[in-house]
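# Fold and contact review
One-letter residues, chain by chain:
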Amino acid sequence: MFSGKSYDPDSFGFLVYDISRLFSLERERKILAAGLELTAFESRTLVHVARYQPARQVALAESMNIEAMTLSGYLDRLESRALLRRETDPDDRRAKLIFLNDSAVPVLDELRRIAHETIADVSKALPPQEWQTFMANLMTVRAHLRLINQENRKI
C-alpha cells in the first residue's frame, strides 16, 4: 500500500509549484480588487500576446504550456472585450495571428503595476541583498533548465 510519505513537500518541485500557485493567487486577488474583470489565465494570455505579438495561436499556446483549444477560450473572451484581435496569417491562410488592440494598453499597464506591487510584497520575505541573490539564483536555474531542455529536444 502506498503511503505517500516518500514525497517531500519541501522538495524543489513542490516548492517551485507552491510558490508559483501562491503568487498567482495573490496576483489574481489584486486583479479582481482592481476591477479588471480578468481571470489569472486571461491576464497571463494578454501579457503573452503583448510579449510575442504577432503570434500564431499554436505558438502562443506552446509558449504558455497550454493546449491550443484551452487558449482559444481565453482569446475568445479577450477578443469579446476588444482587447485583442485575430487576423488571418498572410503566409498561411489556415493560421491566425493574434494582435493587441490599443484598448489593451491601460489594462496591461494596470497588470504591470499589480505585478510590481505583488513582487514588492513578496520580496519583503528576505533582506534586499538576499532577495537579489535569490533572484539571480532562480535565473541561473532557469537558464540551466532551458539548456537541458534544448539538449533533450535534439534526441
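All residue numbers here refer to positions counted from 1 along the written sequence of the relevant chain. The model is predicted, so local features are restricted to residues of pLDDT at least 70 and side-chain atom pairs to those at 80 or more, both for listing and for counting; the totals for chains, interfaces and linings are taken over all residues. To get the side-chain values, take all heavy atoms of the structure and skip hydrogens and water.

Next up on the list: the pattern of salt bridges. One side-chain nitrogen of Lys or Arg within 4 Å of one carboxyl oxygen of Asp or Glu is enough to make a salt bridge. Tallied over the full model, the rule gives 15 salt bridges. Ionic pairing is found between Arg85 and Glu87, a salt bridge with its closest N-O pair at 2.7 Å. Each residue is placed in one exposure class: buried if its accessible area under a 1.4 Å probe, protein chains only, is under 20% of its type's maximum, exposed if it is over 50%, and partly exposed if it falls in between. Of the residues examined, Arg85 reaches a relative accessible area of 31% and is grouped as partly exposed. The exposure class of Glu87 is partly exposed, given its relative accessible area of 33%. Arg113 is the salt-bridge partner of Glu110, the closest N and O atoms lying 2.7 Å from each other.

Only protein atoms enter the calculation, which uses a 1 Å grid: trapped sets of points that fit a 1.4 Å probe without letting it out are cavities, open sets showing protein on both sides within 12 Å along at least five of seven lines are pockets, and any residue with an atom within 4 Å of a point is a lining residue. Grid points are joined across faces, edges and corners, and a volume is the space filled by probe spheres set on the points. If you add up the space inside the largest pocket, you get close to 2600 Å³. Lining the largest pocket we find 49 residues, and of these Val16, Ser20, Phe23, Arg44 and Arg142 sit closest to its centre. The way it works is that DSSP assigns letters per residue, a run of H or I at least four long becomes a helix, a run of E at least two long becomes a strand, and they are numbered from the N terminus. Secondary-structure elements contributing two or more residues to the lining of the largest pocket are helix H1 (12-33), helix H2 (40-52), helix H3 (57-64), helix H5 (104-123) and helix H6 (128-153). The dominant element in the lining of the largest pocket, judged by the number of residues it contributes, is H1, at 14 residues. Three classes are used, and their members are as follows: Ala, Val, Leu, Ile, Met, Phe, Trp, Tyr, Cys and Pro are nonpolar, Asp, Glu, Lys and Arg are charged, and the others, Gly among them, are polar. A breakdown of the residues in the lining of the largest pocket according to their chemical character gives 29 nonpolar, nine polar and eleven charged.

On to a nonpolar patch on the surface, then. Where nonpolar side chains cluster on the molecular surface, the patch consists of Phe12, Val16, Val141, Leu145 and Ile148 and spans about 400 Å² of accessible area. Breaking the nonpolar patch down by element, the ones donating at least two residues are H1 and H6. Per-element tally for the nonpolar patch: the top contributor is H6, with three residues. Structurally, Ile148 can be placed in helix H6. For patches, a residue must show more than 30% relative accessible area and have no salt bridge; joins then use 9 Å for like charges and 5 Å for nonpolar side chains, namely Val, Leu, Ile, Met, Phe, Trp and Tyr. Surface accessibility in these figures is a Shrake-Rupley result with a 1.4 Å probe; residues are shielded only by whichever protein chains are displayed.

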